Amino acid sequence: MFTSVDDVSARLAETGYLPSPAVATTVFLADRLGKPLLVEGPAGVGKTELAKAVAEVAGARLVRLQCYEGVDESRALYEWNHAKQLLRISAGRDESWDETRTDIFSEEFLLTRPLLTAIRGDDPKVLLIDETDKADVEVEGLLLEVLSDFQVTVPELGTITATRRPFVVLTSNASRELSEALRRRCLFLHIGFPDEELERRIVQLKVPGLDEALARSVVRVVGALRAMDLRKVPSVAETIDWARTLLALGADTLDETVVRASLGVLLKHQEDVLTASAKLDLDAL
């Protein structure tokens, strides 16, 4: 998909995603080496958006497996359409079981889920396995099997092997340690909070009507909040939301009244709001 690291940076930027050099380099290597990309970092720093941006620049279909506690093989790989199978059995009462079985275990009755969808067909795909750390350990074994050979065995149909491998992105908020076996199969990328200049560029790109001086002030205030001992520090997504809030309020500068009135956009817990209200010194920023 990409010819160089600079090509990654330029094309992702065209979609509105501004990558750091580390992000651009790792995406290029994942594409060139054909390896899954494991992206870790706090919520709201652009892990999921990276997969979406790669799909957009590649003209690829984004296939997303949203992980959660209790997700299983039937939700990740495939399952049979049991209701449709029962209707078919009822309609063919005069047929032998061998005839019926051959029919009901065919493509017509197969419900493909994200992992199987991603390895079927010749069209380009980006497989996003989102919040992998929220899935049970058993699901990791399934991921290992699929990501090792990019093939799935459906007992009634045989083995389905990818003719065109998808670009794979796994994201994790590190709420649970992923297995070493899964990590070994991936290139690793940690996306943290961007430096001040990159975040300012991101804010101005996403909120084009925002004055540059105000954008710098926004980023400095958010940086000061992240340095505090808060239950949840503001993410990049919340920085953008706050910039949009200030624009909607018609604020030209950041004063104490505006900041305190809009802290709920950045902070999501009352104790954090109280801490920020007590410690934030706008004159020092």
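Structure: above.
Residues numbered from 1 in each chain as written. Predicted model: local features only at pLDDT ≥ 70, side-chain atom pairs only at ≥ 80, totals over all residues. Heavy atoms only, no water.

## Things to note about the overall build of the protein chain
Looking only at helices and strands, the protein chain has 15 helices and nine strands in total. For 285 residues, the compact-globule estimate of 2.2 N^0.38 gives 19 Å, and the C-alpha radius of gyration of the protein chain, at 24 Å, exceeds that figure by more than 25%. Seen through its principal axes, the protein chain has C-alpha atoms that stretch 85 × 45 × 35 Å. Taken over 285 residues, the protein chain has a buried fraction of 45%. Accessible surface computed for the protein chain: about 14,200 Å², of which carbon and sulfur atoms make up 50%. (Helix = DSSP H or I, 4+ residues; strand = E, 2+ residues; numbered from the N terminus. Rg over C-alpha atoms; globule rule 2.2 N^0.38 Å. Buried < 20%, exposed > 50% of the residue type's maximum accessible area, 1.4 Å probe, protein only. Areas by Shrake-Rupley, 256 points an atom, 1.4 Å probe, with all protein chains shown as cover.)

## Observations concerning helix α2 (residues 21-33)
Taking 1.5 Å per residue as the helical rise, α2 with its 13 residues ought to reach 18 Å, and the 18 Å between its terminal C-alpha atoms agrees with that figure. Where the residues of α2 are buried, they touch α1 (5-14), β1 (37-40), α3 (47-58), β8 (167-172) and β9 (187-190). One or two positions beyond α2, positive phi appears at G34, with a value near 70 degrees. (Expected span 1.5 Å × (residues − 1). Contact = heavy atoms within 4.5 Å.)

## Quick notes on the side chain of K125
Assignment of secondary structure puts K125 in strand β5 (residues 125-130). Among the polar contacts made by the side chain of K125, one reaches the main-chain carbonyl oxygen of R120 at a distance of 2.4 Å. With residues near it in sequence (within four places) discarded, K125 still touches A60, R61, V63, T117, A118, R120, P166 and F167. (Polar contact = N/O pair within 3.5 Å; in protein donor to acceptor, adjacent residues only side chain to side chain.)

## Some thoughts on the nonpolar core
L115, I129, L143 and L170 are the most contacted members of the largest nonpolar core, which has 34 residues in total. Every element with two or more residues in this core is listed here: β2 (61-66), β3 (78-80), α7 (114-119), β5, α8 (137-149), β6 (151-154) and β8. The element best represented in this core is α8, accounting for six residues. Core analysis: the next-biggest nonpolar cluster, separate from the first, contains 30 residues, V203, L214, V236 and L263 among them. (Core = buried A, V, L, I, M, F, W, Y, C linked by side-chain atoms within 4.5 Å.)

## Structural notes on the packing of aromatic side chains
What the rule picks out here adds up to two aromatic pairs. Consider the rings of Y78 and W80, whose centres lie 6.5 Å apart with planes at 80 degrees: the pair is edge-to-face. When its relative accessible area of 12% is taken as the criterion, Y78 is described as buried. W80 sits in the buried class, given a relative accessible area of 8%. (Phe/Tyr/Trp six-rings, centres within 6.5 Å; stacked < 30°, edge-to-face > 60°.)

## Observations concerning the pattern of salt bridges
Pairing between side chains of opposite charge can happen when their charged atoms approach one another. Counted under the stated rule, the structure contains 20 salt bridges. Bridged by salt links that share partners, the residues E197, R200, E212 and R216 form one connected network. (Salt bridge = Lys/Arg side-chain N within 4 Å of Asp/Glu carboxyl O.)

## Quick notes on the packing of helix α10 (residues 196-206) against helix α12 (residues 236-249)
Between α10 and α12, the least distance of the axes is 10 Å, while the angle of their chain directions is 50 degrees. Taken together, the axis directions place α10 and α12 in an arrangement best described as oblique. As α10 runs across α12, the sense of the crossing is right-handed. On α12, the residues that touch E199, I202, V203 and K206 of α10 are V236, T239, I240, A243 and R244. Each residue belonging to the contact of α10 with α12 can be placed in one class, and the counts come to five nonpolar, one polar and three charged. (Axes fitted to C-alpha atoms, helices over the stretch in contact; angles between N-to-C directions. Parallel < 35°, antiparallel > 145°, perpendicular 65-115°, else oblique. Left-handed = near helix turned anticlockwise from the far one by under 90°. Nonpolar A, V, L, I, M, F, W, Y, C, P; charged D, E, K, R; others polar.)

## Side note on unusual backbone geometry
Its identity as a non-glycine residue notwithstanding, E131 has a phi of 55 degrees, on the positive side. Here E131 lies in the loop between β5 and α8. You will see that A174, though not glycine, has its phi angle at about 65 degrees, which is positive. Counting through the fold element by element, A174 comes out in the loop between β8 and α9 (180-184).

## A word on the sheet that holds β9
With respect to topology, five strands assemble into an open sheet ordered β2-β5-β8-β1-β9, the strand pairing being parallel. Of all strands in the sheet, those with a lone pairing partner are β2 and β9, marking the two edges. Going from strand to strand, the sheet's axes swing by 20 degrees on average, the running direction of each strand aside. Strand direction decides the pairing type here: β1 and β8, joined by four bridges, are parallel. Along β8, the bridge assignment pairs L37 with V169. Along the sheet, α2 contacts β1, β8 and β9; its crossing angle with β9, the most-contacted strand, is approximately 160 degrees. (Pairing = 2+ DSSP bridges.)

These figures come from the coordinates and say nothing about function on their own.
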